[in-house]
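# Analysis of the macromolecular model
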Amino acid sequence: MKRMLLITAFILMLMSLVACGNSERGERLRVVATTTYAGDLARAIGGNAVEVITLMGVGIDPHDYQPRQSDTAAIAAADVLIVNGLNLEERFGQVLQNLQGTTLIVLADALEEGDVIYEDEHTPDPHIWFDVSLWAKAAEQLATTFALLDGDNAELYSRRLEAYLIELSWLDAHIRGRLDELSPERRVLITAHDAFAYFGRAYGVEVHAVQGISTSAEASIADIEALAQLVASLEVPAIFVESSVPESTIRSVKEAAESLGHNVVIGGALYSDSTGDASRATETYIRTFRANVDLIVNALSEEE
Amino acid sequence: MPELWLVTNWPYTLRVVTIGTMFLGFIAGFLGTFIVLRKQALVGDALSHAALPGVVIAFMVTQVRDLPVLLIGATIASVVAMVLLNAIKRRTTVKFDAGMALILSGFFGLGQVLMSHLQKTGGASQAGLSTFIFGQAANMVRADVVLIIAVSLVIFLVLVLFWKELKLYVFDEPFYRSVGLSERAASGLLTITVVLVVVIGIRTIGVVLMSALLIAPSVASRQLSNRFMVNALLAGVIGAGAGAFGTYLSYVGSDRASLPTGPVVVMLLSGFVLFTMFFSWRHGIVKHRVSVAYYKRRIIKYKRLIHLYEHGPFSADERGQYSQFIDQRFATIKAGQVEMTDKGKQKVRDIIEGGRQ
Amino acid sequence: MNVEILAVAVLTALATSLVGVFLVLRRLSMLTDAISHTILLGIVLAFMVVADLTSPFLLVAATLMGVVTVFLIEALIQTRRVKEDAAIGVVFTFLFSIAVIIVTTQFRNVHLDIDMVLLGNLEFVIFDRVMLFDRDLGPASLWVMAVVLAINVGLLSVFYKEIKLSTFDPALASVLGFSAVLMHYGLMTIVSLTAVAAFNAVGAILVIALMIGPPITALLFTKTLFHTIVLTLAIATFNSVVGYALAWGLDVTISGTIATMTMASFFSAMLLSPKRGLLFEAFRTKKQREHIALAGLLVHVENHAESEDAAIELNANTLHEHMNWSRAFCEKIVQRATAQHYIRLEGNIIKLTETGHAFYRTVVSDSRGTIR
């Protein structure tokens, strides 16, 4: 009899523990984001009211991404799933759109007609975060959805959104201020891959890339020569790579430009599909974008 | 475009890439002759996958994503993969291609495991780790070309120096061992040269062109010659020619849309392989078909004569059927019987032995 | 553990390794690797028509391109001018290059690649579900792989004899009145369909591992085709279950872990297999050495038993010097000989027993036999 009581007490204790864990967790919205940018946005809006798990961690692009069991569990348990959209997440992005019992937020859905850059009628460019005004729209949509799902914290979300929008406007001002240091003919950004079209459109920078968005495409000699001629004729002082490709990818442009009598330096590696990390003080969207712009402007304003 | 038949008018990139693909094409074609003979044709593709764990471990150990560091990791992983492959070959009855598929997938799987582990903690510098070591032909720079030329010359000299031994090893391994030569030395030498060429190849021209340059030239040269030395040199020349000409074509063909260099070279190589398979004067399919048809026709034409050769002589009553051959002096009538002449006998022997006129 | 993921993994392992047996036997092990590249061309060509990255036709075209790939490879092999592996190499680089040229010239800025069409992650298969009238019927890949497995098992059991014959003796197959070439084409079509379906479920690398690993592991142990198939299926199941459990425990990628596990189980088998396993070989060499030493000891004892120096030569304490063995090894051999009653000790002197004499005679006559 005593034993029975003991066992019952033990089971009850266990159950209360489990219940405790649940209720504690249940208060916070469980958010799973695919990219570091989306995850950062969710943290910025949600603050302590949300618990954010980012699937593709720092430095990971969709091609490198190796999902794990914990990712499966996180998605299955999520209240909200945030994806970038516009095919950035490839096939698994499509699969996640059919998820039952989870609210899906597609950041690109916040954009209006004309916001999205189309290469042709079927193919949107997914790198929307490199235009602060578009990112602000995504933030607003996210805050609205959070408030709908979690009415208790609605006020918190709207307060945090306001604060974040101000931060974004500072970021925007910083970007414009820094780019103003460059004379208009210096505002040419040449990179290895085509991830900066939105950046170029928003801030009046001419953007060229060795390679397009498709990872299946290959560089051609004619493209590299054309780019080198452009570099030489505009006397562009620096060209860049994305952090996910080796510097040698763009070195061919540098050498070809030099053969045309123009010296150009490789300005460094830009963050593209993922934010940086805390060790470089670039763990947020805002810090990453600032780091990119500072790198670009510093390199392009170098006197020869 | 300015007059491109003059090399001095070529733009810088075209010159660099042409020289690079030419030298790499030569050494890959030359070395490929050994590889294809040993039924390891897909070693380029296999090693490009097998390198992944080496790359990831190199990054994990050094915490820097420097290209040279990652390439050293890739090289070590490739050598380990080749050693295991040779062990499988030596110790079991498993064929090379099956061993290759196992090593390719097992190593790459291990690389994925390491990457998925790393992704929890790896930080921003792991960006692009899995593709970092792969290059594209058009992105080649001067330093790459210098490396390619140096390595391909050294490897060529070494292969030529040990030519007899290697040839024996490739063609008759039991005999090679029986004359007291070390099997480890030969397989070690081939392993190191293959890994070096493949690693440099995937870094500078990418996996697919590298694979094609290892396979296609030697397949084509096999259609043209049966002598091993000629084969290897010819494969080298085909590789170099396709590399250089394909690079040139990809540039001049870029009038309307820019053509990627690597794939154009591959197309050229594949086309050449098909061409030699069909039209080789030695074993070409066309020649084979034509000679078979010719042989058949002759047999039909001389059916009667062959019959006479094998079963004759016959009574002269049947001379009607042989009048044509009697006119041609292949047969004659002697003592009331149709009989073969010496000329006729010679003719039939020629036909039966095939080929000769 | 997620039962649905495990079920997809096991079904895929069974369906792929079953046809993989024939790939290995026909020396086309790298075929799957080739298909994993060439499906890009199918995707690209389909995209030229439908212009929609999310269209299911892209997957259909990828599957068809797998079939085209095996047909081209098979045709090249049938010319008998190229070996299997070289044929695979020529075809896959060719088709893949066409795809890259089209993408580069036409769709430079379209996010067009294989990952766009094929999921290839076991971690996510449970999120791609079949819904019928609002009823959840389970993961799509589970159904796809179950159907593929059923087709493979069905075709294989109906055409077992024909496939077997055309694999091992194509000439005889032709004599018996069915075309080995036709069988090859049919089998390779099945392989390519299985491969692309499995790419979507578990990813290309694991498919290569599953198609080749279990069959070659099984072939280390078995001689008949039927035994090979049965053992292959058992090994494939073992690999995927253990691999999944490991991946779950370590929280790493499932596909990668199963692929690694497949390689590891092959190498374990290579070390341990009773026929040619490395460990057994080492063990056998040691046994042989001991056996020869034992015979040598008996010969030594017999030769010196009647001689004057018997007391010296056959002294158990100094025997190792006369036999030129290490002390430990000598003691071991003496012990063994004593245990088997070949010798006995009289004081310190070793003497042959009756059994020892008998054994000595067989040893001597054996060696004479070999000399003659």
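Let me sum up the structure you'll find in this document. If you're wondering where the values come from, they're calculated on a predicted model, not measured in any experiment.

### Focus: the side chain of B:Gln136
Its place among the elements puts B:Gln136 in the loop between helix H5 (96-118) and helix H6 (142-161). Among the polar contacts listed, one links the side chain of B:Gln136 to the backbone nitrogen of A:Ala219, at a separation of 2.9 Å. Contacts of B:Gln136, omitting those with residues within four sequence positions, involve A:Gln211, A:Ala217, A:Glu218, A:Ala219, B:Thr204 and B:Ile205.

### Remarks on the interface of chain B and chain C
If you look at the interface, chain B gives 56 residues, while chain C gives 50 residues. Broken down residue by residue, the surface that chain B buries against chain C is led by B:Leu42, B:Arg91 and B:Leu102, which jointly contribute 14%. Put simply, chain B and chain C have zero salt bridges between them. Connecting chain B to chain C are nine residue pairs in polar contact (both at pLDDT 80 or more). Contributing elements (two or more residues each) for the side of chain B that touches chain C: helix H2 (43-50), helix H4 (67-91), H5, helix H10 (207-224), helix H12 (261-279) and helix H13 (285-301) of chain B. Broken down by element, the residue count for the side of chain B that touches chain C peaks at 17 residues, all from H5(B). Residues of the side of chain B that touches chain C, tallied by class, amount to 33 nonpolar, 17 polar and six charged.

### Describing the pattern of salt bridges
One pass over the structure, following the stated rule, counts 20 salt bridges over all chains. The salt bridge partner of A:Glu181 is A:Arg178, with a shortest N-O separation of 2.9 Å. A:Arg178 gets classed as buried once you look at its relative accessible area, which sits at 15%. Between C:Glu74 and C:Arg26 there is a salt bridge, with its nearest N and O atoms 3.1 Å apart. Remark: C:Arg26 occurs in the loop between helix H1 (3-25) and helix H2 (31-50) and C:Glu74 occurs in helix H3 (residues 57-78); sequence separation between them is 48 residues. A single burial state applies to C:Glu74 and to C:Arg26, both of which are buried.

### Quick notes on the interface of chain C and chain A
A common way to state how big an interface is: give the accessible area lost once the parts meet. Facing 32 residues of chain C, the contacting portion of chain A comprises 36 residues. It is C:Arg108, C:Asn109 and C:Phe127 that lose the most area in chain C upon contact with chain A, and together they represent 23% of the buried surface on that side. On the surface where chain C and chain A come into contact, there are two salt bridges. A:Arg68 is paired through a salt bridge with C:Asp251; the nearest N and O atoms lie 3.7 Å apart. Taken together, the links from chain C to chain A amount to ten residue pairs in polar contact (both at pLDDT 80 or more). Those elements that place two or more of their residues in the side of chain C that touches chain A are H2, helix H4 (84-106) and helix H5 (114-117) of chain C. Of the residues in the side of chain C that touches chain A, the class split is 20 nonpolar, six polar and six charged.

### Some thoughts on unusual backbone geometry
Residue and element names in this part refer to chain C. Non-glycine residue Arg 27 carries a positive phi angle of around 60 degrees. Inspection of the secondary structure puts Arg 27 in the loop between H1 and H2. Owing to a relative accessible area of 31%, Arg 27 belongs among the partly exposed residues under this scheme. In this model, Asp 251 sits at a positive phi of 55 degrees, which is unusual for a non-glycine residue. With respect to the helices, strands and loops of the structure, Asp 251 is situated in the loop between helix H11 (225-250) and helix H12 (254-272).

What counts, and where the lines are drawn
- Residues numbered from 1 in each chain as written.
- Chains lettered and ligands numbered in written order.
- Predicted model: local features only at pLDDT ≥ 70, side-chain atom pairs only at ≥ 80, totals over all residues.
- Heavy atoms only, no water.
- Helix = DSSP H or I, 4+ residues; strand = E, 2+ residues; numbered from the N terminus.
- Polar contact = N/O pair within 3.5 Å; in protein donor to acceptor, adjacent residues only side chain to side chain.
- Contact = heavy atoms within 4.5 Å.
- Buried area = accessible area lost by both parts, 1.4 Å probe.
- Salt bridge = Lys/Arg side-chain N within 4 Å of Asp/Glu carboxyl O.
- Nonpolar A, V, L, I, M, F, W, Y, C, P; charged D, E, K, R; others polar.
- Buried < 20%, exposed > 50% of the residue type's maximum accessible area, 1.4 Å probe, protein only.

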